[in-house]
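Here is how the chains run, residue by residue.
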Amino acid sequence: MKGLKLSRVLTYVGAVLMALWILVPIWLIAVSAFSTRQGIFDFPKALLPNPFSADTMSFFLGATNVLPSAGRSVVVAIITIVISSVIGAPAGYALARFNFRGRDVFRLVIVSTRAFPIVILSIPIAVAYIQLGINDNVFSLALMHCALALPFTVLVTSSVFAGVPRDLEEAAETLGCSPLQAFMRVVLPLALPGLAAATLFTFVLSWNEVFASVILTSRNRTLPALLVAQLDESPLNYKYAGGFFLLAPSMVFMLFIRKYLFTLWGRVSR
Amino acid sequence: MAEIQLNHIIKSYGKARATNDVSLTIKDKEFMVLLGPSGCGKTTLLRAIAGLEAIDSGTVTIGGRDVTNVPPRFRDIAMVFQSYAVFPHLTVWDNIAFGLRMKKLPDTEVKKRVEMSAEMLRITDYLQRFPAQLSGGQRQRVAVARALAMPSGVLLMGEPLSNLDALLRLDMRAELKKLLRDAGATTVYVTHDQVEALSLGDRIAVMKQGVILQCDSPLRVYDHPVDKFVGGFIGNPPMNFLRAAGLAAIGLIAPPGYDLVGIRAENLDSFTSPMSGALEASILVVEPLGSHNLITAKVGDEFIKVNTRAELMPEPGSKLWLKPMPDKVRWLK
Ligand SMILES: Nc1ncnc2c1ncn2[C@@H]1O[C@H](COP(=O)(O)OP(=O)(O)OP(=O)(O)O)[C@@H](O)[C@H]1O
Ligand SMILES: [Mg+2]
């Protein structure tokens, strides 16, 4: 009984520490991003920026290359979403519905592709891209992001589709649907929230991706690549604002899809 | 006309055969129940008729047309799933109309049919609700209404009552019987509940390990089981089985080749004093059931269950003399 209580307390302490590990830097960045140029150096920091100021953010957004880079990031993310959905979702459906030979091996191989460090993958790919003359361009970078996102897309869409009972599809087929019609009229509407969550996650994945972006682009940087490239020469307020700008969409999206992420990963790890 | 013919249906999963060379003819408008213990292949057979399961060999014909390789939507069937399979993203109205719209019936016809079958199943008040806002019993009604609304000659039902509580199941059973008789479709109904089978079926096909052991009217299956399995599976309590040799003493001589006798609990007259032609039994348990008593007794080293009048209330440990009704004695191999 006593041991049980102690382990509970330890669990909570661990959880709080982990939460702080994530939250403190986010807080630091957020507060600094909305402080004045001098406020950034204040110590100890106030809980909320005081005085509140949009100067830092507008300075950052007004800097050369920032908005074009952000735009490129969005384009890359959208292309990534489109390609990885078109390729990944059917694979996910097959994994969820068909009991084919080698299914478990296939699943394992998909997971294991994530075990390769991006750094190691990036260099040969960069060489290949340069030889093909397709480096430094949003489409080629999106291709790379697709390669990174696909394992996730396949596994997550497979768990989304697995969450739609097979019976419903079969019922639709007995009621006059072809397999494609059953998919469009029954499976897709029911899978849509989960698929949307997967899409948002893919967006975040691509939006935040640094390594491949730095290596595969030079003049046409995405936003993370731009920030990393300028890390040494940029002023502190610029870094804070940039950090916040990168963080914001991820945090907002995660809030929306939090519920799904739990069930998604819960089912995938089954 | 929607006669269903199953010819030598074989379906294997790995090495195991879920249906092992099953042949069965279900007459037009007949109510056929597939009955058997878990894993005997009932669902597999039903799904083979529906076209949801590709069979390894054999043919399925519906209404004289070979549909073995025809997808479900062209088979002239409607199906009720055990899980109900009501579409959660559609209202009850849209659920019932789903198949009718797929068949491209005119709107007035769709409306007419939806309203008619909703009325039959008394769910008219829920037509605008979503399935999540319904109880399990109501969802089940939606599933049946959706199938009945379809203009199809064959109705397939896979354990539709098994998820309902006992009382609701009893109500629904009687209601289904009437509804389905009125609907006039050829019906195949899967269950592992023998009472459901006896009460609903025109005929019952009793299955075990992928084969049909007996296919007869409920009375016939109950009264003349072909073997020990069928007699033991149907009826509550199950049929009693005694070694035939033990009955020679009371003048019941087995025909050559038969070594088992089957007799139901209600087909034994019981006496509290010795009687010629009666077996001596010692009473183990007496269970008063209101309308009658169920007595478990021992004849020699074999157990036997007997129904007696409610007034007859012997003590456990005392003796009882049991006389089989001659025309109810079934010789089995
Ligand atoms: N998809 C499948 N994969 C492998 N084996 C299966 C599959 N479906 C059924 N089986 C096997 O086939 C046999 C018959 O199954 P079926 O579902 O037809 O039984 P059932 O009579 O409907 O049983 P229950 O009353 O439990 O529903 C069982 O032994 C089952 O394990
Ligand atoms: Mg079954």
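Residues numbered from 1 in each chain as written. Chains lettered and ligands numbered in written order. Predicted model: local features only at pLDDT ≥ 70, side-chain atom pairs only at ≥ 80, totals over all residues. Heavy atoms only, no water.

A.B. asks: How should I be thinking about the interface of chain A and chain B in this particular structure?
C.D. replies: For interface size, the figure often reported is the accessible area lost on association. Residue-level contacts link 17 residues of chain A with 18 residues of chain B. Three residues stand out in chain A for area buried against chain B, namely E170(A), T174(A) and L175(A), and they jointly supply 40% of the buried area on that side. Linking chain A with chain B are 1 salt bridge. As a salt-bridge pair, R47(B) and E170(A) come within 2.7 Å of each other at their nearest N and O atoms. Applying the counting rule to chain A against chain B returns 3 residue pairs in polar contact (both at pLDDT 80 or more). Mapped by element, the contributors of at least two residues to the side of chain A that touches chain B are α7 (166-174) and α8 (179-208) of chain A. Broken down by element, the residue count for the side of chain A that touches chain B peaks at 7 residues, all from α7(A). Its residues assigned to classes, the side of chain A that touches chain B comprises 9 nonpolar, 4 polar and 4 charged. (Contact = heavy atoms within 4.5 Å. Buried area = accessible area lost by both parts, 1.4 Å probe. Salt bridge = Lys/Arg side-chain N within 4 Å of Asp/Glu carboxyl O. Polar contact = N/O pair within 3.5 Å; in protein donor to acceptor, adjacent residues only side chain to side chain. Helix = DSSP H or I, 4+ residues; strand = E, 2+ residues; numbered from the N terminus. Nonpolar A, V, L, I, M, F, W, Y, C, P; charged D, E, K, R; others polar.)

A.B. asks: Would you mind going over the sheet that holds strand β12 (residues 260-263) of chain B with me for this structure?
C.D. replies: Residue and element names in this part refer to chain B. Taken together, 3 strands build an open sheet; the order of strands is β11-β12-β18 and the sheet is antiparallel. Only two strands of the sheet have a single neighbouring strand rather than two, namely β11 (240-243) and β18 (330-332). Ignoring which end each strand starts from, the neighbouring axes of this sheet average 30° apart. (Pairing = 2+ DSSP bridges. Axes fitted to C-alpha atoms, helices over the stretch in contact; angles between N-to-C directions.)

A.B. asks: So what exactly am I meant to see when it comes to the packing of aromatic side chains here?
C.D. replies: Any aromatic ring pair is given by two values, namely how distant the centres are and how the planes are angled relative to each other. The tally for this structure, following the rule as stated, stands at 17 aromatic pairs over all chains. Consider the rings of F203(A) and W207(A), whose centres lie 5.9 Å apart with planes at 15°: the pair is stacked. Linking F203(A) with W207(A), this pair stays in helix α8, spanning 4 residues, or about one helical turn. Classification of W207(A) as buried rests on a relative accessible area of 5%. Measuring from ring centre to ring centre gives 5.7 Å for F31(B) and Y189(B), while their planes differ by 40°; the resulting arrangement is tilted. Within this pair, whereas F31(B) is found in strand β3 (residues 31-35), its partner Y189(B) is found in strand β8 (residues 186-191), the two being separated by 158 residues in sequence. Across the pair, Y189(B) and F31(B) agree in class, each one buried. (Phe/Tyr/Trp six-rings, centres within 6.5 Å; stacked < 30°, edge-to-face > 60°. Buried < 20%, exposed > 50% of the residue type's maximum accessible area, 1.4 Å probe, protein only.)

A.B. asks: Whenever I open this one, the pairing of strand β7 (residues 154-158) of chain B confuses me. Can you help?
C.D. replies: Here is the key point about a regular strand: its side chains alternate between the two faces of the sheet. Residue and element names in this part refer to chain B. Most of β7 is tucked away: 5 of the 5 residues are buried. Both faces of β7 are covered, namely the face carrying V154, L156 and G158 and the face carrying L155 and M157. Strand direction decides the pairing type here: strand β6 (residues 77-80) and β7, joined by 4 bridges, are parallel. Bridge assignment links I77 to a residue of β7, and that residue is V154.

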